[in-house]
Every structure is written in C-alpha cells, then in structure tokens.
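Here are the chains, one letter per residue:
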Amino acid sequence: MLDQGAPPQDRTQAAPPSLGPAARLMRRKPVERLVAEGGHGEGGSLRRTLGLWQLTMISIGATLGTGIFVVLGEAVPKAGPAVTLSFVIAGLTALFSALSYAELAGTIPVAGSSYSYAYATMGELVAWVCGWCLVLEYGVSVAAVAVGWGEYLNELLDGTIGVTIPDALSAPPGDGGVFNLPALIVVLLAMAFLLGGARESARANTVMVVVKIAALVMFCAIGVQGLRSGNYENFMPLGMAGVSAAGATLFFSYIGFDAASTAGEEAKNAQRDLPRAIMLSLVVVTALYVLVAAVAVGAKPWQRFGDSEAALAQIMREVTGQSFWGTLLAFCAVIAIASVVLTVLYGQTRILFAMSRDGLVPKVFSKVHPKTGTPRANTLIVSLFCGVLAAAIPLGQLADATSIGTLFAFALVNVAVVVLRRSRPEMPRTFRVPLSPVLPALGFAFCVWMMGSLSAVTWVVFGVWMAVGLVFYFGYGYRRSRLAVTAPSVASAPSEK
C-alpha cells in the first residue's frame, strides 16, 4: 500500500532550474518518478480497489452507447447505409491507437493516461497540449452524452405517463430551448456516485453496462424483423467523402476505451490488467456498433435519420407498431447513457488529478478526501462545469469538438509508444504493439486523416481551445510545474536516454 503522506515530489529538495527556456519546455518526467507518485494526492491517496472485470466494465461503460444511442442519428445523413463502413473505419482508427494505449498503460500505469505518456516521452509542453486535448475529449463528451440522455428521457416519459419535458427545459439555446435541465441532472447524478468512491462507482457502472448490452441485443433481435433490402440500395449515396465525414463524427462513439488507463492508480494489478481491459472492451464495442448500425439502416430509410437523437427507440416503435418496445428501449438507454456519463466523468477527474499533482493546474484538483479516497473538490468542479456545458450547447457541436480533441491526443499516443521504445528499450512491458513502428504509424495517419474530415468550424473551435490552453500554460503551469522547482537531475533533458 502506498504511503498516505505527502507525495514524493514534495520531499524533493527544491533547486533553481538550470535549464534554458526551450529546454524547460521539453523537460521530461522520468517513468520511475511517474510510477512512484502513483496514487498520491494532496492530503491522502487514491485506493487500489479495481480488478480486470471492473476495469473492462469502465472502458465499455465509457464507450458503448454513446454512438449508437446518441450520435447515430447525426452520422447516418452524412454516409447513408454506408454508416456501417464508417463505424468500421472509426473502429480501425481506435484499434491502432488502442494497441499503443495498451502498451503504454502496462508500462506507465498512472492516472494521467496519454498526458502522462507524453510527459515521459516528448516533454512538458507536448504533455500539456495532450492534457488540454483530454480535457476537451472527456469534459465535452460528458456534456454531449448528457444531451442525448435528455432525448431518451423524454421518450421514456412520453411512453409511460404521456408527458414530456417542455422544449424550453429540455433543449439548449440554438435547438429551440432555453436550458437543458435533464442533461444537468444526469451529470449531477453521476457526480453523486463518484463522490462515494471508485469501488462503489464501478459496481454501479457494471450493472448499467449489463443493461445496455441487453438493450442492444434486444434491439437487434426485434429490429431485424423490419429489415427492407431496398434500404441498402444506393449504399454510398454521398461517396467516400461522406463515409469519412461520418467516420470522423462516429469516432466520438469510441471515445472511452482509454478510460481504463485513467484508473491506473486505482487498479489492483495495473500493469497486467490495463492492457487486457482496453483490448477486450474495444472488441466488444466494435462488434455491437457494426451489428446495431446495420440493423438500424436496414429497418429505416437513411433519409429519415437525423430528426431525433433517440433514433433506436423510434425504430423499435415503427417496426413493432407498439409503443411498449420503444419505451422499454428508452428506459434501457436512460440507464446506458448514464453509465457513459459516469465513467467519462471519472476519467476527466483523474486526468486533472495527475496534471494538478505535476503543478500544471491548481492544487485543488489533486486534493484527496481522507474518508472516501476520492478527489472530492475536483469531482465537484468538473461536474458543475460539464453540467452547465451540457445544458447550454447543442449536441452536434459538442460531438465534433470532442472528436478532434480525442484524435489529436490519440495521434500523440501513437508517437509516444515509438519514442519510449527507442529511449527506454530495456523497460519491462506487459504488452507490446505488434509490428511496431508500422502499426503506430498507421494509427497516427488514420487520426490525422479523420481530423481532416471534420468541418472548418470544428477546426476553428479547436484552434481557439488550444490558444486558450497555451495562454493558461505559460501564465500558470510553466512557472508552477514541479519539475521546474526540483533538481535538474530529476527532470530528464531531451537528449537523455
């Protein structure tokens, strides 16, 4: 068990940095130090309570449901019936990156995910950029999924008691509403679970994951009865450009498989279980996504998608001619999407925990409550931010902004795995990417290609986000970084091996 006292870096004798400005931007945090600090926070430590089953469920919980229950209606109008091919392309992109994640998660089992991997391999500035992208990935995706949760909640209320939440309180500005109250509520419910502790949150998530898998299997069993061969004609109506554009949007559906890597400091046997959890979850999720998408576009003409985020519930109602099945699926979706909010919100808090411990964001994010072993203040701040975001911004804008941040972070992970292989070949690895550096290079290329398929507006938003992040880094993190106040020998210079 880790020492409950102050984290190791607080005991390091401070010394004036001798590195120049450029070298300070490239200072790397040694892998050994990253691992030694694992679990330590301000005032307490995280608790190692999660095994392989819980880690796999965290990854599936953070991933499965987002694209199928929420974003499918946004993607089908872009690709037509070929949306199934878009899911495969997005899945391949995720697979290449997942291989790199699996190797690094087993080698550097810490809470920061790709932020920590970049810190150990490419230096502080790149790590900050990666961490800032992860804030966009996790924080904004929580908001995006919460928006879709409100759509299914309305379907459920309509099918059970015959009322719905008025548009003014169930849609954000720009989508005909004033404030999306359901989106805020689901984020606050997830926050309540997380404040109880990692083990308790993992148990609740496991139950919700079982429900969502059962719901998707039920959809396929019933939806297949409504298949019409004519719905598959003109399979690629908008060409390969439409397929790639839909694939870039649907990459949002695979966000979350890396959530297990954010639990590195709360896993019982992180080096063994993290790579397994990441790969297992991706296989399960991809298979279900392709199957459900194929049934959905076969049961409903592609031109009729896009009018609601609750597309699957509508298909169930149309196929059966009864409201019961659509209502049942809406009930399952309400539970399923809540698990995505829970697990992705968990990942966001742990990434900020790691960044705070390194001094790049304020200390409040690394304070651990001694009773629950959770970063309580961190969880409260992140939850309130994501809840307000979900209540105020439309789904489509959130999904694309999340995708570009994720793709950028994944591209860096594919670079990091190659860099660490070359700089530290002697390190023990519980999983190794096959055919390296070929597969990491393919992962990097796929990420760049899919980023290029996103709209100009998304790129503008991303550029503004990165500019804000750099201002924050140079105004706060650059001077307060704990590597900046420790002996120069602690921070690896760029030329060191």
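How each quantity is defined
Residues numbered from 1 in each chain as written. Predicted model: local features only at pLDDT ≥ 70, side-chain atom pairs only at ≥ 80, totals over all residues. Heavy atoms only, no water. Helix = DSSP H or I, 4+ residues; strand = E, 2+ residues; numbered from the N terminus. Buried < 20%, exposed > 50% of the residue type's maximum accessible area, 1.4 Å probe, protein only. Contact = heavy atoms within 4.5 Å. Areas by Shrake-Rupley, 256 points an atom, 1.4 Å probe, with all protein chains shown as cover. Patch = residues over 30% accessible without salt bridge, like charges linked within 9 Å, V, L, I, M, F, W, Y side chains within 5 Å. Salt bridge = Lys/Arg side-chain N within 4 Å of Asp/Glu carboxyl O. Axes fitted to C-alpha atoms, helices over the stretch in contact; angles between N-to-C directions. Parallel < 35°, antiparallel > 145°, perpendicular 65-115°, else oblique. Left-handed = near helix turned anticlockwise from the far one by under 90°. Nonpolar A, V, L, I, M, F, W, Y, C, P; charged D, E, K, R; others polar. Expected span 1.5 Å × (residues − 1). Polar contact = N/O pair within 3.5 Å; in protein donor to acceptor, adjacent residues only side chain to side chain. pLDDT = per-residue confidence, 0-100. Phe/Tyr/Trp six-rings, centres within 6.5 Å; stacked < 30°, edge-to-face > 60°. Lys NZ or Arg CZ within 6 Å of the ring centre and 35° of its normal.

Let us now look at the overall build of the protein. When its secondary structure is counted, the protein shows 18 helices and 2 strands. When burial is assessed residue by residue, the protein has 61% of its 497 residues classed as buried. For the protein, the proportion of contacts with a sequence separation of at least 24, taken over those separated by at least 6, is 84%. When the accessible area of the protein is evaluated, it comes to approximately 17,300 Å², of which 68% is carbon and sulfur surface.

Nonpolar side chains collect at one region of the surface, where Leu85, Val88, Leu92, Leu95, Phe235, Met236, Met240 and Trp449 lie side by side and expose about 610 Å² of accessible area between them. Broken down by element, the residue count for the nonpolar patch peaks at 4 residues, all from helix α5 (residues 83-107). Positionally, phenylalanine 235 belongs in the loop between α10 (198-223) and α11 (239-250).

Within the structure shown, the criterion is met by 12 salt bridges. One salt bridge connects glutamate 265 with arginine 357, and the closest N-O pair in it is separated by 2.7 Å. Note that glutamate 265 is positioned in the loop between α11 and α12 (270-299) and arginine 357 in helix α14 (residues 323-357), a separation of 92 residues in sequence. Side by side, glutamate 265 and arginine 357 carry an identical accessibility label, which is buried. Each member of the salt-bridge network shares a partner with another, and the members are Lys29, Arg33, Glu37 and Asp358.

On to the packing of α14 against helix α15 (residues 376-392). Between α14 and α15, whose axes approach to 10 Å, the crossing angle comes to 125°. With respect to each other, α14 and α15 are oriented oblique. Remark: the crossing between α14 and α15 carries right-handed chirality. For the pair α14 and α15, contact is made by Leu345, Gln348, Thr349, Leu352 and Phe353 and by Asn378, Thr379, Val382, Ser383 and Cys386, respectively.

Another aspect to go through is the side chain of threonine 84. Inspection of the secondary structure assignment puts threonine 84 in helix α5. Excluding anything up to four places from it in sequence, threonine 84 contacts Phe235, Val290, Ala293 and Ala294.

To continue, consider the packing of α5 against α11. The geometry of α5 relative to α11 is characterised by a closest axis approach of 8 Å and an angle of 55° between their N-to-C directions. With respect to each other, α5 and α11 are oriented oblique. Judged by the sense of rotation from one axis to the other, the crossing of α5 with α11 is right-handed. Counting all contacts with α5, which are made through Val83, Leu85, Ser86, Phe87, Ile89 and Ala90, the residues of α11 involved are Met240, Val243, Ala246, Gly247 and Leu250. For the contact of α5 with α11, the class distribution of residues is 9 nonpolar, 2 polar and no charged.

With 15 residues, helix α9 (residues 181-195) ought to run about 21 Å at 1.5 Å a step, and its terminal C-alpha atoms sit 21 Å apart, in line with that. Those residues of α9 lying buried are Pro182, Ala183, Leu184, Val186, Val187, Ala190, Met191, Leu194 and Leu195. Close packing links the buried residues of α9 with α7 (124-160), α8 (167-170), α10, α14 and α15. At the N-terminal end of α9, a side-chain oxygen is found 3.2 Å from the backbone nitrogen of alanine 183, two or three residues along, and the residue is asparagine 180. After α9 finishes, the residue glycine 197 shows a positive phi value of roughly 130°.

Among the secondary structure elements, arginine 429 is positioned in the loop between α16 (395-423) and α17 (438-452). Residue classification places arginine 429 among the buried positions, given a relative accessible area of 13%. One polar contact links arginine 429 to glutamate 103, side chain to side chain, over a distance of 3.1 Å. Not counting residues up to four positions away in its chain, the partners in contact with arginine 429 are Glu103, Thr107, Leu420, Arg421 and Arg424.

What follows covers the confidence of the model for the protein. Here the protein shows a mean pLDDT of 82. Residues at 70 or above account for 90%. Considering only residues more than four positions removed or in separate chains, one finds that residues 487-497, a stretch of pLDDT under 50, has 22 contacts.

Let us now look at the packing of aromatic side chains. This structure, assessed with the given rule, holds 19 aromatic pairs. Arranged with centres 6.1 Å apart and planes meeting at 75°, the rings of tyrosine 473 and tyrosine 478 form a pair that is edge-to-face. Neither residue differs from the other here; tyrosine 473 and tyrosine 478 are each classed as buried. Taken together, the aromatic side chains of Trp128, Trp132, Trp465, Phe472, Tyr473, Phe474, Tyr476 and Tyr478 make up a single cluster linked through ring pairs. Lying over the aromatic face of phenylalanine 305, lysine 300 brings its terminal NZ or CZ to 5.2 Å of the ring centre.

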